[in-house]
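# Coordinate inspection notes
Below, each chain spelled out in residue letters.
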Amino acid sequence: MAAPVRKTFLQIETTHVEGGKEAATPLKLIAALAVVKNPWAGRGFVEDLKPEIHAIAPILGELLTKMIIDTVGSGEAVEAYGKSAVVGLDGEIEHGSALIHTLRFGNHYRTAVGAKSYLAFCNTRGPANAPIMIPLMDKNDEGRRSHYLTIQCAIPDAPAADEIVVALGASIGGRPHHRIGDRYQDLKELGHDAANPAAV
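Keep in mind that this is a model prediction, so the values were computed, not measured.

With respect to the secondary-structure elements, glutamate 163 resides in strand 7 (residues 163-172). Given a relative accessible area of 6%, glutamate 163 falls into the buried group. Polar contacts involving the side chain of glutamate 163 include one to the side chain of arginine 6, which spans 2.6 Å.

Structure (C-alpha cells):
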C-alpha cells in the first residue's frame, strides 16, 4: 500500500525581532506536512491498525524528513524537533496517533538529525483549516527550555473528514531572548533529581 498523499505543505518562519529587540541570531522554524487519506475512515471500528501503520508510516517519515533536511541543509542544523497529527472528523484520534507514534515514522527523523530525545508531539481532531500545533524541544536535551517552542500553521482545505494531516517540525535556534534558565536549575534549587522532578 502506497501512502495516499494528496498534498504536501511547507512553512518557513523566521523571527528577526522579538519583544521589540533584534535577535542576535534569527530563529527559524520549519514545518513539513503531508495530507493523507485516512486508511481506516469509513470502516467502522478497526481493531488491528498494524498493517496500515507498517505500510504508510515509514513512507511519511521518509517524505517529511526529506522535506525538513532539504530545507535546512543538514541534519546537524536542526536543534529542536517535534511531530503532530490532525485527524479529520470521520476518524479517531487513534488513527493519527497510529501514524506518528511508531518508530517506523519517527526514527527516520531521529537518524537524520542525530537525535537522542523523544519527539515532542500533539495529536488532535478537527475540520479543514484546523489549527496544527507542532511542539518542539531540543533534540538531545529535554531540559533545555530555550528550545521549548511551538510551530502553528493550518491548511485551508485539510484535513477533509476522511483525511489525516501528519507533520514534522524543526527549529534552527531557540527563542531569541530566552531568559528563564533550564530545568536543571530548578532541580538543584529544589533538591530534586531529573528522574523524579516532583519528588513523589
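Let's pick the thread back up.
All right, on to the environment of glycine 75 then. With respect to the helices, strands and loops of the structure, glycine 75 is situated in the loop between helix 1 (50-72) and strand 3 (80-87). For the pair glycine 75 and arginine 110, spaced 35 residues apart in sequence, the C-alpha to C-alpha distance is 9.1 Å. Setting aside anything within four residues of it in sequence, one finds glycine 75 in contact with Ile69, Ala112, Val113 and Lys139.

It is worth spelling out the pairing of strand 2 (residues 21-37) at this point. Where strand 1 (residues 5-18) meets strand 2, 12 bridges bridge the pair, whose relative direction is antiparallel. Directly across from threonine 14, in strand 2, lies its bridge partner lysine 28. As consecutive antiparallel partners, strand 1 and strand 2 are separated by two residues, and within that stretch glycine 19 has a phi angle of approximately 65°, a positive value. Alignment of strand 2 against strand 7, held across 10 bridges, turns out to be antiparallel. Bridge pairing links isoleucine 30 to alanine 170 in strand 7.

Definitions and cut-offs
- Residues numbered from 1 in each chain as written.
- Predicted model: local features only at pLDDT ≥ 70, side-chain atom pairs only at ≥ 80, totals over all residues.
- Heavy atoms only, no water.
- Helix = DSSP H or I, 4+ residues; strand = E, 2+ residues; numbered from the N terminus.
- Buried < 20%, exposed > 50% of the residue type's maximum accessible area, 1.4 Å probe, protein only.
- Polar contact = N/O pair within 3.5 Å; in protein donor to acceptor, adjacent residues only side chain to side chain.
- Contact = heavy atoms within 4.5 Å.
- Pairing = 2+ DSSP bridges.

Spatial relationships are all this shows, so hold off on functional conclusions.
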